[in-house]
Amino acid sequence: MAVALTAAAKTYSEKDFRKILSRCDVADTVMHAPSAGAFWSLLQRTNSRYLDAYKSLSGDGDRDLKRDLEALLQQCGAYFRNVPTRLDLEPMADEVVQFSGLRAVNPVAILSVTREPDVAFFGYSNGYIFMTEGLYDLVNGNPIDIQSLFACEAAHSALQHVYAHARWEKKRRNRARFWSILSTAAITTAAAIALDDCPDCSLDMMWLGAMIITEIVNGTEQPRYLMQYTPEQIFEADIVAYRFMEWAGYGDAYIRALQRAGYAMDAENPLGDEAPEVSTRIALLRYMVTHPELRRKVKANKLAARLPAA
């Protein structure tokens, strides 16, 4: 039976869904994680696209992208300092981060609820993740919905999607387009991979991590921006978030969170002209759930030799 679903600029077929799942479903590795922290470590160490991004970040190449990202951070630092937040919700937010296990791969990961009326959940690759008061009110503070949506942003951060996207656009000889699609809605930007999880990090990688923290404190005042992800990165983050909530024992909680908040988030903070619609994203996840046989075809263990020793 064909599955024809329309995104902004693309119609997705059953064949497309199978291809996406063959590349992005991580169930065969992360579902065996003994802890939440191990979930993210396994995700990183078995994801070839992340490993390519990490190699670039920790090496001498792509210095132009690193300079561009540094300049962007300089423009965005004021948001961290000046955005008003719900201090009364800090304990709840910290519980979400602790439960996620994200600090095992990024010790500085945080979640803040901002006093902003729009409906948005957005994050930075250094683990600084934000949820607006508008979204908190929309889901009535439901902790499972918040945990689910946080897992999606954690996936973008852990897999260095912004930096990987920049490298992809550069390869397309279209880097100018990548920077032109910033808009005044929300911001995600590349930063250092947690040094504690990367014992072989080079000095350049350590410098980049220090640069990120410095710019958070000293950046110049600018609005917050929306960084675009590739369609596959959006699907990948959805899949990882679904698998995390499934691993945690909450079944299809991520689908329910998308149904409750995804349409409003997309309407108020669109992900870009090429981004799949929320209905398509939900349909892909449902297709994954109803076709468990596809898990046996996912060759997620190809990088098993690169996993840390037990």
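Think of each chain on its own: its residues are numbered from 1, step by step along the sequence as written. For this predicted model, a pLDDT threshold of at least 70 governs which residues receive local features, and a threshold of 80 or more governs which side-chain atom pairs are given and counted, while totals over whole chains, interfaces and linings are taken from all residues. Just so you know, side-chain values use all the structure's heavy atoms and leave hydrogens and water out.

1. Description of the packing of helix H8 (residues 143-158) against helix H13 (residues 253-268)
Next up, step 1: Packing of H8 against H13 leaves a shortest axis separation of 9 Å and a crossing angle of 80°. Taken together, the axes of H8 and H13 lie roughly perpendicular to each other. Contacts from Ile 144, Asp 145, Ser 148, Leu 149 and Cys 152 of H8 reach H13 at Ala 253, Tyr 254, Ala 257, Arg 260, Ala 261 and Met 265.
Next up, step 2: Following the grouping adopted for this structure description, the nonpolar residues are Ala, Val, Leu, Ile, Met, Phe, Trp, Tyr, Cys and Pro, the charged ones are Asp, Glu, Lys and Arg, and the polar ones are all others, Gly among them. Here the contact of H8 with H13 is composed, by residue class, of 8 nonpolar, 1 polar and 2 charged. Here an angle of 0 to 180 degrees is reported between the N-to-C directions of two axes, which are lines fitted to C-alpha atoms, with helices fitted over the stretch in contact. Runs of E in the DSSP output that reach at least two residues are strands. Runs of H or I that reach at least four are helices, and both are numbered from the N terminus. In these notes the angle categories are as follows: under 35 degrees is roughly parallel, over 145 is roughly antiparallel, 65 to 115 is roughly perpendicular, and the rest is oblique. The contact criterion used is simple: two residues touch if any of their non-hydrogen atoms lie within 4.5 Å.

2. Some thoughts on the confidence of the model for the chain
Next up, step 1: A residue's pLDDT is the confidence the predictor assigns to it, expressed on a 0 to 100 scale. Residues of the chain with pLDDT of at least 70 account for 73%, and the chain-wide mean is 77.
Next up, step 2: Confidence over residues 1-8 falls short of pLDDT 50; this stretch has 26 contacts with residues more than four positions distant or in other chains.
Next up, step 3: Taken as a whole, residues 300-310 scores under 50 in pLDDT and shows 16 contacts with residues more than four places along the chain or in a different chain.

3. Focus: the packing of aromatic side chains
Remark: the centre distance and the inter-plane angle together describe each pair of aromatic rings, the angle taken between the planes.
Next up, step 1: What counts as a ring pair is set by centres within 6.5 Å for rings of Phe, Tyr and Trp (its six-membered ring), and what kind of pair is set by the plane angle: stacked under 30 degrees, edge-to-face over 60, tilted for all other angles. Evaluated as defined, the whole model comprises 13 aromatic pairs.
Next up, step 2: Taking the centre distance of 6.3 Å and the plane angle of 65° together, the rings of Phe 99 and Tyr 250 count as edge-to-face. Linking Phe 99 in helix H6 (residues 90-100) with Tyr 250 in the loop between helix H12 (231-247) and H13, this pair joins segments that are 151 residues apart in sequence.
Next up, step 3: Relative accessibility under 20% of the residue-type maximum defines a buried residue, over 50% an exposed one, and the middle range a partly exposed one, all with a 1.4 Å probe and only protein chains included. A relative accessible area of 36% places Phe 99 in the partly exposed class.

4. Focus: the sheet that holds strand E3 (residues 110-114)
Next up, step 1: At least two bridges found by DSSP between two strands is the condition for calling them paired. Spatially, 3 strands are ordered E3-E5-E4 in an open sheet, and the strand pairing comes out mixed. The sheet terminates laterally at E3 and strand E4 (121-123), the two strands that pair on one side only. The average angle at which neighbouring strand axes cross in this sheet is 20°, direction not considered.
Next up, step 2: Sheet topology note: the E3/strand E5 (residues 128-132) ladder contains 5 bridges and is parallel. Bridge pairing links Thr 114 to Thr 132 in E5.
Next up, step 3: Sheet contacts for H8: E3, E4 and E5; angle to E4, the most-contacted strand, approximately 35°.

5. Quick notes on the packing of H6 against H8
Next up, step 1: Between H6 and H8, the least distance of the axes is 10 Å, while the angle of their chain directions is 55°. Taken together, the axes of H6 and H8 lie oblique to each other. When you trace H6 past H8, the crossing you get is right-handed. Taking contact as the criterion, the partners of Met 92, Glu 95, Val 96, Val 97, Phe 99 and Ser 100 in H6 are, on H8, Ile 146, Gln 147 and Phe 150.
Next up, step 2: Counted by class, the contact of H6 with H8 contains 6 nonpolar, 2 polar and 1 charged residues. In this scheme the crossing of two helices becomes right-handed for a clockwise turn of the near helix relative to the far one and left-handed for an anticlockwise turn of less than a right angle.

6. Topic: unusual backbone geometry
Excluding glycine, residues mostly have negative phi values, and the peptide bonds linking residues are mostly trans.
Next up, step 1: With a phi angle near 55°, Asn 140 is a residue other than glycine that sits in the positive phi range.
Next up, step 2: Inspection of the secondary structure assignment puts Asn 140 in the loop between helix H7 (133-138) and H8.
Next up, step 3: Using a relative accessible area of 69% as the deciding quantity, one classes Asn 140 as exposed.

7. Things to note about the nonpolar core
Next up, step 1: Only buried Ala, Val, Leu, Ile, Met, Phe, Trp, Tyr and Cys residues count toward a nonpolar core, and they belong to the same one when joined by side-chain atoms within 4.5 Å. One finds Trp 40, Leu 111 and Phe 121 to be the most contacted residues of the largest nonpolar core, which totals 66 residues.
Next up, step 2: Once you skip the residues sitting within four places of it in the chain, Trp 40 turns out to touch Ser 100, Gly 101, Leu 102, Val 105, Ala 151, Ala 154, Ala 155, Ala 158, Val 240 and Phe 244.
Next up, step 3: Counting residues in each nonpolar core, the second largest holds 8 residues, with Tyr 79, Ala 120, Phe 122 and Tyr 128 among its members.

8. What about the side chain of Ser 112?
Next up, step 1: Inspection of the secondary structure assignment puts Ser 112 in strand E3.
Next up, step 2: Among the residues examined, Ser 112 registers a relative accessible area of 18% and is labelled buried.
Next up, step 3: The residues contacting Ser 112, other than those within four sequence positions of it, are Thr 85, Ile 129, Phe 130 and Met 131.

9. Description of the side chain of Asp 118
Next up, step 1: In this structure, Asp 118 sits in the loop between E3 and E4.
Next up, step 2: A relative accessible area of 16% means that Asp 118 is categorised as buried.
Next up, step 3: Side-chain atoms alone can form a polar contact between residues adjacent in sequence; in general such a contact is a pair of N or O atoms within 3.5 Å, and within protein one must be able to donate a hydrogen while the other accepts it. Looking at Asp 118, its side chain comes within polar contact range of the side chain of Asn 269, at 3.4 Å.
Next up, step 4: For Asp 118, the residues in contact, after removing those within four places along its chain, are Thr 132, Gly 134, Leu 135, Arg 224, Glu 268 and Asn 269.

10. Remarks on the pattern of salt bridges
Next up, step 1: Whenever Lys or Arg places a side-chain nitrogen within 4 Å of a carboxyl oxygen from Asp or Glu, that contact is recorded as a salt bridge. Across all of its chains, the model carries 12 salt bridges by this definition.
Next up, step 2: In this structure, Arg 49 and Glu 236 form a salt bridge, with 2.8 Å as the shortest nitrogen-oxygen distance. With a gap of 187 residues between them, Arg 49 in helix H4 (residues 48-58) and Glu 236 in helix H12 connect regions that are remote in the sequence.
Next up, step 3: Of the residues examined, Arg 49 reaches a relative accessible area of 26% and is grouped as partly exposed.
Next up, step 4: On the basis of relative accessible area, Glu 236 is assigned to the buried category, the value being 3%.

11. Section: the environment of Leu 258
Next up, step 1: By the secondary structure assignment, Leu 258 is in helix H13.
Next up, step 2: Remark: the alpha-carbon pair of Leu 258 and Ser 148, spanning 110 residues in sequence, is separated by 8.7 Å.
Next up, step 3: Ignoring anything within four residues of it in the chain, the contact list for Leu 258 reads Asp 238, Tyr 263, Val 278, Arg 281, Ile 282 and Leu 285.

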